[in-house]
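Take a look at the letters that make up each chain.
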Amino acid sequence: MMSEGYLVGDGSWNLRVFVTDLQVERSLRVKGDLHIGGVMLRLVEDLEVSMDWSDHALWWPERNCWLARTRSTLDQCGVQADARLHFTPMHKTVRVQLPDLRYLDTKVDFSVKTFTAVGQLCKELGVRHAEELSLSKPLEPQHLKHNLKDKKVRNGDARINGQTHPPADTNTFIATGSPAGSNGSLDKPFLCAPVTPTRSHTSTPISSPLGTNQNTLKRGMHTDLNGTYAPLNAHHNITLESLNGSLDASLAQSPVTPSQEARSRLVRPKSLVERARMNVAWLDSSLSIMEQGVREYDTLCLRFKFYSFYDLNPTIDAVRINQIYEQAKWQLLNEEIDCTEEESLMFAALQVQVNLQAGVPQPQSENTNGTAEDDIDAALLDLQVTLEGTHISNGGDITHVPELFNYLRFLKPKRFTLRAYKRYWFACRDLHLSLYKSQEEAKAGAAPQYTINLRGCEVTPEVNLQQRKYDIKLEVPSAEGMSEMKIRCDTEEQYAKWMAACRLAAKGRSLADSSYDAEVRSILAFLQLQHPAPAPVINPQSLDINPEDYVAPRFVRKLKGKLVQRILEAHANVKDLPLIDAKMNYIKAWQSLPEHGISLFIIKMMGHKKEELLGVASNRLMRMDINTGDHIQTWRYNTIKAWNVNWEVKHMMVQFEEGNIIFSCLSADCKVIHEFIGGYIFLSMRSKEANQTLNEDLFHKLTGGWV
C-alpha cells in the first residue's frame, strides 16, 4: 500500500537529520537494518551540495553520543523514528589556554576520546609525551566555595525537554544553573549539538598575552562562516604557525607577562580545601570532548596533569620544558603550592635569568647529529651504572653494607607537652634508623634507644637558611597512624647526606643504591641556589621588575620595598646560566618542594563522618588532615592489589597489602581520583625500551573503570 509516495508496512520510517553546516533538516526514509555509513551516504546524496563531507559524522543529542561505528545498523544503535540526529563536523574550533596562559585558536577532534585528542594536539604543538597532559574546563572563584556533591544537591538533576536525565559521563561536573557573576564556563547541560553561530568567530583574533594581534597563535587552516572544517591539505596535516615564525619556536619562549584577560581569570586558592576543589574540572580521558558538554568555540585549558615527566631532553624538548616551567611558575605565583621565603627568592632569581636570556642568542648544542648520539650516550651510561653497581668505599669488600652515622638531635613531639631536641648517636643501615645515647654505646653493641623503620615514611624538609635551621620531618607509619618525628642537623653537608638517606629509604632503597651520591649533590645544589650574594651584580635601577610577576602575593606584602634588591642578590647565584639551564633548574627546584606533585581531594572515609584530604602523588596515596595537611596515613602504589569504583553510590575501594580503604569523594567525581591513580601507575610502566609506542588501550584499562 502506497501513502505519500512511500510503501507503508514494509518496516521503513522517517529519520530526521539536522545538518549543522547548512542549518537545514532532512527527512530520510530508512529501515532499521540500514547501517550508519549508509545513512550518511543517503544524506549527502539528498543534500546535493558539492563539498568535502569526509570530516562529518552523526551525533545523537538525546543520547549524548557519536554514532561512530559506521558498520553498525540503526537497530543496533537503538535509533528509532523519534530520534533526531545531527550531521556535524568532527573537528571543531576551540580556544585552548596553554600552560603559559596564552590562548590558541585550534581545531580539535570532538569525536575521539579526550586522551587521543590531547595526543593529536600535542603532536601538532611539538610537545612529547602527551600522556602527561590533559584538558580541563576553566575554573571560576565560586567553584572553589563548594564541593561538587554540594553543587549536585543544590542544582538537582539536569532536565532536558521536561524530563530528568542522568549525567552523560562519569565525571559529573555538569551544572544546570550558574551562580551570580558566572560566565557559565562549567555550567553547560547537555542540550544539543552545536549549531552554526550567527557571526564568524574567526573574524576577531584571539588575544595573546601581549594583547596584540601580531602574537596571536592560530592554526594554519580556514574555517568558514558555517563552521566547515577545511584543512589546507587533504590529509589534515596542519601546519601551526604564528605571524612571527613557526609556532614551535614561539611556544618554546613565552612573554614575560600574560594578557590582562588571562591574569584576571586566574583562580587563587586560599586554603587546602580550595586547592582540593581545583581538581574538579578535569575532562574524562575515556570520553570524547563533545560528550562532556564542550561545544564549538568554548575555552579549554591544556595542563600537565600527571607530575611524572619522562625523559626531559633539552635538545628536543624546548617547547615541553618551557611549558612545564610556565606551569610551575604560575603554580608558585598563584599560591597553589607553598615554599619558603628563601625558595621564593630563588625561584624569582631564576625567572629573572630566564627573562634576561630570552633575548640573547643561545649557544648551540654540541650534538649536531640529532638524537641518535643522545640515545647511545644514555644507553652507555645506563650500562655503566648497571655494571659498576654502587660505590662502596670499604676496599672493594662487596659484603660490606654501607652505613651512615653521626651525632644529630632528635625530637618526638607530644601533645600538650613542650619537649626540646635531644642529642643522639644516629646510625642508618638497611632502611632503619637506630638512635643511641652515645657512640661508645653503639660500638659496645647496646640496644638502641629508638629504632625507626624508614620504609614508607613521609620525609619533609624544614629548612631556614637565615636561622641555620636544617630539620628533617619524618612521619612514620604506625598502628595509630603516622607518628611525627624530627631530626636536626648542624650543617648543610650533614643535612644533605641524611636527607638523601631518608628519601631513598622511604622508597625502599638503601645507601647502597647508585643514586645516593647524586641525591646528595642535588640537595646541596638546591641549598646553594638559595644563598644570597652580598650584593647584586645588576643595578636594580637598570631592570624594570614588577614584584607581583616574580613572587607570590604574601611575600610581596611581607618584603615590600626590599623585594627587588633581595631578588637581584639571589640572582647573583644564577647569573651565568643559559636559558635552557635556568628553566631546568627552576623545574628541578619546583620538583624538590614538599608539596610538589600532590593532587588533593576532599573525601569521607567509609564509617567516618569527618571530611579529610586525600593526596594523590606519583608513587603513593596520602590520607591527610583537612585543616593542617598533616599526614594521617600513607599507602605506596607498589602495595596496591586492586582498585575499583561502585558507580551506583560513587564509592571507591583501594585494596592494599595491609588492608582495604573505602571512601567517597566530595570535591570531585570519584572517576577523577580513579584516573589519577591509574594514570600514575600507567606512567610508571614506561621504559626506554618501550617508549616509542604508547599503549592507549592499557591506559584506558587502568583509568576507565570499565574493565
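In case you missed it, the structure is sitting above this.
So, how was this worked out
- Throughout this document, residue positions are counted from 1 along each chain, in the order its sequence is written.
- At least 70 in pLDDT is required for a residue's local features to be given in this predicted model, at least 80 for side-chain atom pairs to be given and counted, and no such filter applies to totals for whole chains, interfaces and linings, which use all residues.
- Side-chain calculation: all heavy atoms of the structure are included, whereas hydrogens and water are not.
- Under the scheme used here, helices are H or I runs from DSSP no shorter than 4 residues and strands are E runs no shorter than 2 residues, and both carry numbers assigned from the N terminus.
- Each residue is placed in one exposure class: buried if its accessible area under a 1.4 Å probe, protein chains only, is under 20% of its type's maximum, exposed if it is over 50%, and partly exposed if it falls in between.
- The contact criterion used throughout is that any non-hydrogen atoms of two residues lie within 4.5 Å.
- Areas reported here follow the Shrake-Rupley algorithm with a probe of radius 1.4 Å; residue values treat only the protein chains shown as occluding.
- Only when DSSP finds a minimum of two bridges between them are two strands counted as paired.
- Put simply, a nonpolar core is a bunch of buried Ala, Val, Leu, Ile, Met, Phe, Trp, Tyr and Cys residues held in one set by side-chain atoms that sit within 4.5 Å of each other.
- Lines are fitted to the C-alpha atoms to define the axes, a helix being fitted only along its stretch in contact, and any angle between axes, read from their N-to-C directions, falls within 0 to 180 degrees.
- Each angle receives one of four descriptions, namely roughly parallel if under 35 degrees, roughly antiparallel if over 145, roughly perpendicular if within 65 to 115, and oblique otherwise.
- By convention the crossing between two helices is left-handed if the near helix lies anticlockwise of the far one by an angle smaller than a right angle, and right-handed if it lies clockwise.
- In protein, a polar contact requires one atom able to donate a hydrogen and another able to accept it; more generally it is a pair of N or O atoms within 3.5 Å, and residues adjacent in sequence count only if both atoms are side-chain atoms.
- For salt bridges, the criterion is a side-chain nitrogen of Lys or Arg within 4 Å of an Asp or Glu carboxyl oxygen.
- Only Phe, Tyr and Trp rings take part, Trp by its six-membered ring, and two of them pair if their centres are within 6.5 Å. Stacked means planes under 30 degrees apart, edge-to-face means over 60, and tilted covers everything else.
- Sitting over a ring, as applied to charges here, requires NZ of Lys or CZ of Arg to be within 6 Å of the ring centre and within 35 degrees of the ring normal.
- An expected span of 1.5 Å times one less than the residue number is assigned to each helix.
- The directions considered for the arc run from the helix axis to the C-beta atoms.

**Quick look at the overall build of the chain**
The number of helices and strands found in the chain is 18 helices and 32 strands. Within the span of the chain, comprising 707 residues, buried residues form 50% of the whole. For the chain, long-range pairs separated by at least 24 residues make up 64% of all intrachain contacts whose partners lie at least 6 apart in sequence. When the accessible surface of the chain is split by element, carbon and sulfur atoms take 50% of a total near 33800 Å².

**Notes on the pairing of strand E5 (residues 56-60)**
Extensive coverage of E5 is indicated by the burial of five of its five residues. Neither face of E5 is exposed, since His-56, Leu-58 and Trp-60 on one face and Ala-57 and Trp-59 on the opposite face are all buried. Across two bridges, the pairing between E5 and strand E6 (residues 65-66) is antiparallel. Paired with Trp-60 across the bridge in E6 is Cys-65. Count of turn residues in the E5/E6 antiparallel hairpin: four residues, of which Asn-64 carries a positive phi of about 55°.

**Details of the nonpolar core**
Counting residues in each nonpolar core, the largest one holds 107 residues, and the members touching the most others are Trp-590, Val-616, Val-654, Ile-673 and Ile-677. If one sorts the elements of this core by residue count, helix H17 (residues 670-684) sits on top with nine residues. Dropping the residues within four chain positions of it, Trp-590 is found in contact with Tyr-307, Phe-309, Ile-324, Ala-328, Gln-331, Leu-332, Ile-337, Phe-347 and His-596. The next biggest cluster of nonpolar side chains, apart from the first, holds 37 residues, and it includes Leu-404, Leu-431, Val-463 and Ile-472.

**Some points on the packing of H17 against helix H18 (residues 696-703)**
Where H17 meets H18, the axes come as close as 7 Å, and the angle between the chain directions of the two elements is 135°. Looking at the two axes, H17 sits oblique to H18. Taken as a pair, H17 and H18 cross one another with a handedness that is right-handed. Note on element contacts: H18 touches H17 through Leu-698, Phe-699, Leu-702 and Thr-703, opposite Lys-671, His-674, Glu-675, Gly-678, Gly-679, Ile-681 and Phe-682.

**Description of the side chain of Glu-612**
Looking at the secondary structure, you find Glu-612 in strand E27 (residues 612-616). Polar contacts involving the side chain of Glu-612 include one to the side chain of Arg-623, which spans 2.9 Å. With residues up to four places along the chain from it excluded, the contact list for Glu-612 reads Phe-601, Ile-602, Ile-603, Met-605, Arg-623, Met-624, Ile-626 and Ile-632.

**A look at the sheet that holds E5**
Spatial strand order, E4-E3-E7-E5-E6: five strands in an open sheet with mixed pairing. Among the strands making up the open sheet, the edge pair consists of strand E4 (24-30) and E6. Helix H1 (residues 36-47) rests against strand E3 (13-19), E4, E5 and strand E7 (84-89) of the sheet, and its axis sits at about 125° to E4.

**Let's talk about the pairing of strand E18 (residues 299-304)**
The two faces of the sheet receive side chains in turn, since in a regular strand these alternate between them. With five of six residues buried, E18 is to be regarded as a mostly interior element. Two elements, strand E8 (residues 91-97) and E18, share three bridges in a ladder whose sense is parallel. What sits directly across from Val-96, in E18, is Leu-300. As judged from the four bridges shared by strand E10 (residues 133-136) and E18, these two strands associate in the antiparallel manner. Looking at the pairing, Ser-136 lines up with Cys-301 of E18.

**Considerations on the packing of helix H9 (residues 341-358) against helix H16 (residues 579-591)**
For the pair H9 and H16, interaxial distance at closest approach is 8 Å and the crossing angle is 160°. As the angle between them shows, H9 and H16 are arranged roughly antiparallel. Crossing angle aside, the handedness with which H9 passes H16 is left-handed. Of the residues in H16, those touching H9 at Met-346, Phe-347, Leu-350, Gln-351, Gln-353, Val-354, Gln-357 and Ala-358 are Leu-579, Ala-582, Lys-583, Asn-585, Tyr-586, Ala-589 and Trp-590.

**Observations concerning the pattern of salt bridges**
Following the criterion strictly, the structure yields 36 salt bridges and no others. Between Asp-46 and Arg-26 there is a salt bridge, with the nearest N and O atoms lying 3.0 Å from each other. Within this pair, whereas Asp-46 is found in helix H1, its partner Arg-26 is found in strand E4, the two being separated by 20 residues in sequence. Taking relative accessible area as the criterion, Asp-46 reaches 36% and is therefore assigned partly exposed. For Asp-317, the salt bridge is made with Arg-128, and the minimal N-O distance between the two is 2.8 Å. Here the residue Asp-317 occupies a position in the loop between E18 and helix H8 (318-333), and Arg-128 occupies one in the loop between helix H3 (114-125) and E10, the gap between them amounting to 189 residues.

**Some thoughts on the packing of aromatic side chains**
In this description, a pair of aromatic rings is defined by centroid distance and the angle of the planes. One pass over the structure, following the stated rule, counts 24 aromatic pairs. Centre to centre, the rings of Phe-306 and Phe-676 are 5.6 Å apart; their planes meet at 65°, and the pair counts as edge-to-face. Taken together, the residues Phe-306 in the loop between E18 and H8 and Phe-676 in helix H17 connect sequence positions 370 residues apart. Phe-676 shares its class with Phe-306; the two are buried. In this structure an aromatic cluster arises from ring pairing among Trp-282, Phe-306, Phe-601, Phe-676 and Tyr-680. Lying over the aromatic face of Tyr-103, Arg-95 brings its terminal NZ or CZ to 3.8 Å of the ring centre.

**Let's talk about the environment of Pro-402**
Along the chain, Pro-402 falls in the loop between helix H10 (372-388) and strand E19 (404-411). For Pro-402, a relative accessible area of 18% gives the class buried. Placed 27 residues apart in sequence, Pro-402 and Arg-429 show a C-alpha to C-alpha distance of 6.9 Å.

**Topic: H3**
With twelve residues, H3 extends 16 Å between its outermost C-alpha atoms, agreeing within 8% with the 16 Å of an ideal straight helix rising 1.5 Å per residue. Of all the positions in H3, only Thr-114, Phe-115, Ala-117, Val-118, Leu-121, Cys-122 and Leu-125 are classed as buried. End-on view of H3: buried residues confined to an arc of 160°, all on one side of the axis. The positive-phi residue at the C-terminal boundary of H3 is Gly-126, with phi of around 85°.

**Considering the sheet that holds strand E25 (residues 481-489)**
Read from one edge of the open sheet, seven strands run E22-E21-E20-E19-E25-E24-E23, paired in antiparallel fashion. Either end of the sheet is taken by a strand with one partner, and the two such strands are strand E22 (450-453) and strand E23 (458-464). Within this sheet the neighbouring strands show an average axis-to-axis angle of 35°, counted without direction. The pairing of strand E20 (residues 422-429) with strand E21 (residues 432-436) spans five bridges and is antiparallel. By the bridge assignment, Phe-426 is partnered in E21 with Leu-435.

The values are spatial; any link to function lies outside them.
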